[in-house]
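Examination of the molecular architecture
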Amino acid sequence: MVTRAEMAPLLLKAEHGTLYRPPACTGVFADVPCPATPTFPFSDWIERLWAEGVTAGCAPPPPGGLPSYCPDAATEREQMATFLVRTFSLP
């Protein structure tokens, strides 16, 4: 199983190369700590997926709030297909 958080750097390194590092996060998702921490190093990667239009999160935001990303959830087959199509602009 690969979590949604773990999938972010995998996709971006496949797209941009293994040396790629995303810009620092700004706090787009309610359930993704920003700044990244040693125990949760995926924040910058997750937000870059959002900035590139690969994800909008896992749930719409509540009124006046931030959307959720569900970083600890398993990446489901359908989600992975969507991530790949959007990351690599597949037909």
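This text goes with the structure placed above it.
Here we summarise the structure given alongside this text. (Residues numbered from 1 in each chain as written. Predicted model: local features only at pLDDT ≥ 70, side-chain atom pairs only at ≥ 80, totals over all residues. Heavy atoms only, no water.)

Brief notes about the state of the cysteines
Throughout the structure, instances matching the rule amount to two disulfides. The disulfide that involves Cys25 links it to Cys34, with 2.1 Å between the sulfurs. What sets the handedness of the Cys25 and Cys34 disulfide is the S-S torsion sign, and at about 110° it is right-handed. Cys25 gets classed as buried once you look at its relative accessible area, which sits at 11%. (Disulfide = S-S within 2.5 Å. Buried < 20%, exposed > 50% of the residue type's maximum accessible area, 1.4 Å probe, protein only.)

Description of the pattern of salt bridges
If you walk through the whole model with that rule in mind, you get one salt bridge. Of the charged contacts in the structure, one is a salt bridge between Arg48 and Glu52, with a shortest N-O distance of 3.3 Å. Overall, Arg48 belongs to the partly exposed group, its relative accessible area being 27%. (Salt bridge = Lys/Arg side-chain N within 4 Å of Asp/Glu carboxyl O.)

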